[in-house]
Amino acid sequence: AATEAEEFMKIYKLEVMPIPTHRPMIREDHPDRIYRTETAKFRAVVEEIEEMHSQGRPVLVGTVSIEKSEELSKLLDERGLQHSLLNAKQHEREASIVAQAGQRGAITIATNMAGRGTDIVLGFGVNELGGLHIVGTERHESRRIDNQLRGRSGRQGDNGSSRFYVSIEDEIMRRSGVNQNIVNSNIFKTLWEEDMPIEHSMISRSVEQAQVKMEGYNFDIRKHLVEYDDVVNTHRDVIYNERRFVLREGDPRPIVSEMIAEKVQEVAQPVSMEDGRKRRDKAVSGFSEMFSALRETFPDDITRRMLRSILAARIAPLVEEGDVEGYAEELNLVAQEAYEGALASQLKNLDEKLQDFYHIGDVYYETAGQGTLDYNKLTRTLGLPANVVNEMRDEDMQYEDALEYLTELLREGFENQQSNNLHKLQEFLTTESARSIADGQAEARTLALLEVIDSRFALSPASAARFVEAESGARSSSMMAAGGTDTVVDEVQGQLEVLYEQVEQTLGEVFLETNETMPLISMVDNRLPRSVYRRIEEQLGLEKLEEIENIPLGKLSPDVLEIVRDAFVRWQESDLMLRVIDYLWTRHLTTMEQLRHSIGLQAYGQKDPLVQYKVKAYELFEDLKAEIRQLVVLNVLMMGGKAEEARAQIKRSQQQSMAEQQAAQQRAAQQTPRSAAPAGNGRQGGNGRQGGGAPGAKVKPGVGNQQRRGGAPTPVGVAPGGQRKIGRNEPCFCGSGKKYKHCHGR
């Protein structure tokens with residue numbers, strides 16, 4: 001590692017300290033021998049191997065590739081020299097081959113990477129002959145690998161020697177700057193015979209200098225890659241710290257609350273692009289603008305629940321103050337604003353579709369010149385009747401005239417259809433407002449009435465804006481001031497926090513209701529992971545948990561239920577957050593990899609690719625964090641609605657089951673025989689009847705045809721009382737709930 005000390009220090013901040021050998025190293029490292037051609041080099045290698053083998057010394061030959069090792073093996077076979085070949089194809093015998101490489105007269109060919117970590121022990125008498133001889137057939141790009149090959153010999157004070165053979169045609173010499181045109185010229189070939197070696201310490205130093213250049217080149221590449229990796233590692237630290245906090249604490253509430261606050265701030269001060277750079281737009285100045293931005297971010301269900309909550313918190317206190325007239329007046333005003341908001345929404349939709357039809361703002365359409373308008377498109381997009389479309393075509397209406405004409409028609413039609421509904425709704429609200437409301441139920445009653453308005457006409461943000469902006473106006477004379485904006489943001493953030501608390505409450509209630517009959521131990525690895533079960537154990541204690549784990553949830557004490565409910569809710573939120581983070585993080589890594597491959601093109605624009613990579617990476621990471629906030633907040637707030645749907649589905653299933661059971665009981669009751677008529681003395685009369693039997697009926701013995709006490713026999717498949725024949729798959733008349741074929745129809 002001493003040759004890589006600079007890299008260890010600059011990249012990993014690690015100092016390299018060479019440790020002296022246990023015993024003095026007496027290995028003899030001969031200077032390199034350089035040949036003009038690779039063929040001559042390999043002939044010289046074979047001759048040296050044969051010479052050392054004749055002396056009885058073991059030889060370890062190092063090659064740079066499998067192909068070179070196999071080529072050298074063929075040359076040795078031609079000389080009749082027995083040897084062992086070690087490369088990646090003999091990896092199973094690697095240790096045994098290297099262990100025998102120190103025996104007398106052994107010849108081992110190995111790639112430079114093979115056999116490392118296995119000590120070569122010299123055979124008997126080998127050390128006196130000169131020890132292990134190392135032959136390197138080529139210099140590697142890194143001095144470290146060459147030193148490792150040399151280090152196989154002369155261990156623990158043993159004798160040994162080493163020599164490297166190099167040719168001008170080797171890769172390291174080509175990269176070191178040797179002019180191949182000069183080498184291949186006739187004059188050079190004449191002056192330097194093919195089998196004549198050059199052996200001098202200065203030549204060896206020049207080869208090492210070439211290796212140093214290659215090491216520096218490779219180091220720059222690795223350092224450059226590390227600088228790119230450091231950017232992603234910074235992102236990784238942030239994401240992994242977030243994941244570790246969720247996994248370790250098991251309570252994502254602080255993170256979710258922080259994400260809600262950041263999301264509201266992001267909506268209140270949106271980001272826009274100008275000249276390719278992000279900049280902050282002017283903050284929203286009122287609740288209406290804020291709510292319009294929220295509608296683009298959150299589903300309609302969440303925004304409407306937020307509106308109802310804001311209005312209920314402002315209108316309900318009128319009931320507590322005893323202002324019944326003011327209470328009814330506010331509700332009627334909210335209904336009127338909802339009515340006007342519904343009309344404004346339809347007019348806005350009409351305007352957007354007309355702009356699309358007339359290509360308003362379409363630069364390409366204006367550049368290409370006006371074309372022919374297809375008025376039949378209005379029938380498809382706006383549902384206009386044929387006479388209206390024909391009138392627009394005949395008069396060749398332009399955008400302004402068409403908008404005025406259709407707006408009047410739409411307003412007239414809307415008022416004709418909905419004005420009566422508004423009047424009835426306001427009468428209903430006035431009547432309901434006059435009813436007495438129990439203490440503490442004012443807000444719940446107000447929410448119920450607001451839901452009625454919301455179901456008829458969607459609540460208008462203007463209703464909430466009246467209250468919120470009036471409150472902020474009391475603090476600041478202008479909504480453009482910071483105080484006004486802060487009030488709007490605080491209000492929205494507070495409402496989202498309330499919705500978050502309601503979601504947690506709903507999740508816990510649904511969990512307890514749907515698992516009321518199940519003991520806690522039966523839900524492990526099924527509905528609760530073991531981590532949640534261990535968290536419950538930490539809070540209750542092992543002894544307490546063993547006492548209650550086999551008791552159904554519905555019979556547990558309220559304090560224990562609260563712990564179980566809270567653990568379940570925390571796990572649901574943690575699981576959702578981790579799934580969102582993992583999904584977006586893996587996608588971010590793919591995006592960063594694609595950016596890394598393409599950022600080099602910035603060099604054509606005289607820009608540093610690394611600097612541009614860091615800039616783009618920062619923007620992508622900011623987008624990643626914003627998307628994580630968006631999906632986490634959105635999915636957490638939607639969990640309550642999904643839990644309510646699950647609870648409603650369970651209730652519908654229970655009601656359907658009860659209805660089917662009641663229907664079966666009613667059918668069974670209708671088929672139950674009436675009390676039998678008096679059978680007299682049970683003797684057969686003169687008309688051939690027996691008891692209460694039908695005239696002329698013949699009694700046949702058999703199953704289901706036995707004589708009942710005081711009455712006539714019951715034929716097979718006929719209900720008592722002589723009613724219709726019962727189908728085999730119909731419920732039995734006895735009320736058992738079984739099919740007739742499995743009960744009395746056997």
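What you see is a predicted model; the values in this text were computed from it and never measured. (Residues numbered from 1 in each chain as written. Predicted model: local features only at pLDDT ≥ 70, side-chain atom pairs only at ≥ 80, totals over all residues. Heavy atoms only, no water.)

S.K.: Can you explain the overall build of the protein chain? Please cite residues and give values.
M.R.: Assigned secondary structure in the protein chain consists of 26 helices and 10 strands. Here the contacts in the protein chain between residues at least 6 apart in sequence split such that 70% fall between residues at least 24 apart. Of the roughly 42,900 Å² of accessible surface on the protein chain, a fraction of 49% belongs to carbon and sulfur atoms. (Helix = DSSP H or I, 4+ residues; strand = E, 2+ residues; numbered from the N terminus. Contact = heavy atoms within 4.5 Å. Areas by Shrake-Rupley, 256 points an atom, 1.4 Å probe, with all protein chains shown as cover.)

S.K.: Before we move on, could you go through the confidence of the model for the protein chain and cite the residues and values that matter?
M.R.: In the predicted model, the protein chain carries a mean pLDDT of 80, and the fraction of residues at 70 or more is 83%. Confidence scores differ between elements of the protein chain, with strand S9 (residues 271–274) showing the lowest mean pLDDT of 40 and strand S6 (residues 132–136) the highest of 94. The low-confidence segment residues 476–484 (pLDDT under 50) makes 12 contacts with residues lying over four places distant or belonging to another chain. Low pLDDT (under 50) marks residues 674–723, which in the prediction has 47 contacts with non-local residues, meaning those over four places away or in another chain. (pLDDT = per-residue confidence, 0-100.)

S.K.: Which residues make up the environment of Asn421, and what values do they have?
M.R.: Residue placement: Asn421 occurs in helix H19 (residues 399–434). Sequence spacing of Asn421 and Tyr339 is 82 residues, and the spatial spacing of their C-alpha atoms is 9.6 Å.

S.K.: Talk me through the pattern of salt bridges; I want residue IDs and the actual numbers.
M.R.: Here the structure, examined in full by the defined rule, presents 38 salt bridges. Ionic pairing is found between Glu4 and Arg144, a salt bridge with its closest N-O pair at 4.0 Å. Within this pair, whereas Glu4 is found in the segment before helix H1 (5–12), its partner Arg144 is found in helix H6 (residues 143–150), the two being separated by 140 residues in sequence. Since its relative accessible area comes to 13%, Glu4 is described here as buried. Via salt bridges that share partners, Asp251, Arg253, Glu504, Asp566, Arg570 and Glu573 belong to a single interconnected network. (Salt bridge = Lys/Arg side-chain N within 4 Å of Asp/Glu carboxyl O. Buried < 20%, exposed > 50% of the residue type's maximum accessible area, 1.4 Å probe, protein only.)

S.K.: Mind laying out a nonpolar patch on the surface, listing which residues take part and the relevant values?
M.R.: Together, Tyr217, Ile221 and Leu225 make up a nonpolar patch on the protein surface, roughly 280 Å² of accessible area in all. Position of Leu225 among the secondary structure elements: in helix H10 (residues 201–249). (Patch = residues over 30% accessible without salt bridge, like charges linked within 9 Å, V, L, I, M, F, W, Y side chains within 5 Å.)

S.K.: Before we move on, could you go through the packing of aromatic side chains and cite the residues and values that matter?
M.R.: Within the structure shown, the criterion is met by 10 aromatic pairs. Between Tyr240 and Trp585 the ring centres are 6.3 Å apart and the planes differ by 70°, which places this aromatic pair in the edge-to-face class. One end of the pair, Tyr240, is in helix H10; the other, Trp585, is in helix H25 (residues 558–598), and 345 residues separate them in sequence. Owing to a relative accessible area of 34%, Tyr240 belongs among the partly exposed residues under this scheme. Centre to centre, the rings of Tyr358 and Tyr399 are 6.3 Å apart; their planes meet at 70°, and the pair counts as edge-to-face. One end of the pair, Tyr358, is in the loop between helix H15 (324–357) and helix H16 (363–368); the other, Tyr399, is in helix H19, and 41 residues separate them in sequence. Since its relative accessible area comes to 14%, Tyr399 is described here as buried. In textbook terms, an aromatic cluster arises when at least three aromatic residues are bridged by ring pairs, as seen for Tyr339, Phe414 and Phe457. One residue, Arg139, lies across the ring of Phe164, its end atom 4.8 Å from the ring centre. (Phe/Tyr/Trp six-rings, centres within 6.5 Å; stacked < 30°, edge-to-face > 60°. Lys NZ or Arg CZ within 6 Å of the ring centre and 35° of its normal.)

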